[in-house]
Amino acid sequence: MDICIDSDGAIGATMVLITFFGWNDLFITIFLLFIFLCCQGFVFPNSSALSLASFGHNAGSASALMGAIQMSIGAGTSALVSVLQNHTALPMTGVMACCAITALSVLSLGRRIIIQRAGIESVEEEDVEMISTL
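Note that the structure is a prediction, hence the values are computed from the model and not measured.

Trainee: It is not clear to me how empty space enclosed by the protein should be interpreted in this structure. Could you clarify?
Mentor: If a probe the size of a water molecule is rolled over the atoms, the empty space left behind becomes visible. Counted by the stated rule, this structure contains one cavity of 30 Å³ or more. Estimated volume of the largest cavity: approximately 40 Å³. As for the largest cavity, its lining consists of M15, I18, T19, N24, T29, L32 and T93. Sorting the residues of the lining of the largest cavity by element identifies α1 (2–20) and α2 (26–52) as the ones contributing at least two each. Of the residues forming the lining of the largest cavity, the biggest block, three residues, is contributed by α1. Here the lining of the largest cavity is built from residues that sort into three nonpolar, four polar and no charged.

Structural data, given as structure tokens:
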């Protein structure tokens, strides 16, 4: 999952640079969007499963809250792209890159906090242990 989040940030930054310098065409943009969304296809289900693993009997409520947060962020970023619209792909690619980099930052910070609080060797071991208890 980390590789896909890292790749999303790199692909997003690549799309911003290509768009900023005017090197993009339809096929390059579609290809980079395809790769970006393929990575999202790996990240969303895994992150949802891991974030709901600790809720047990309240998983339905937690899932509803997670869905509401995702839809709110999606609506907000869509509105932001619309506000920043300048008849190029730059606002879209910029917002996509910012979201991917923000996700990577939240993942890194969250992992560091979990490791410090729990005193565990790695977050992956804790995730596997948490899922196996369900």
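Trainee: I'm lost on the packing of aromatic side chains in this one. Help?
Mentor: Given two aromatic rings, one states the distance between the centres and the angle between the planes to describe the pair. Scanning the model with the defined rule gives two aromatic pairs in all. Taking 5.2 Å as the distance between ring centres and 75° as the angle between the ring planes, the aromatic pair formed by F20 and F21 counts as edge-to-face. Look at F21 and W23: their rings are 5.0 Å apart centre to centre, the planes differ by 25°, and that puts the pair in the stacked class. Given the relative accessible area of 47%, F21 is considered partly exposed. A residue is classified by how much of its surface remains accessible, and W23, at 58% relative accessible area, is exposed. One aromatic cluster is present, formed by F20, F21 and W23 through successive ring pairs.

Reading the values: rules and limits
Residues numbered from 1 in each chain as written. Predicted model: local features only at pLDDT ≥ 70, side-chain atom pairs only at ≥ 80, totals over all residues. Heavy atoms only, no water. 1 Å grid on protein atoms, 1.4 Å probe; cavity = no way out; pocket = protein on both sides within 12 Å on 5 of 7 lines; lining within 4 Å. Points joined across faces, edges and corners; volume = space filled by probe spheres on them. Helix = DSSP H or I, 4+ residues; strand = E, 2+ residues; numbered from the N terminus. Nonpolar A, V, L, I, M, F, W, Y, C, P; charged D, E, K, R; others polar. Phe/Tyr/Trp six-rings, centres within 6.5 Å; stacked < 30°, edge-to-face > 60°. Buried < 20%, exposed > 50% of the residue type's maximum accessible area, 1.4 Å probe, protein only.

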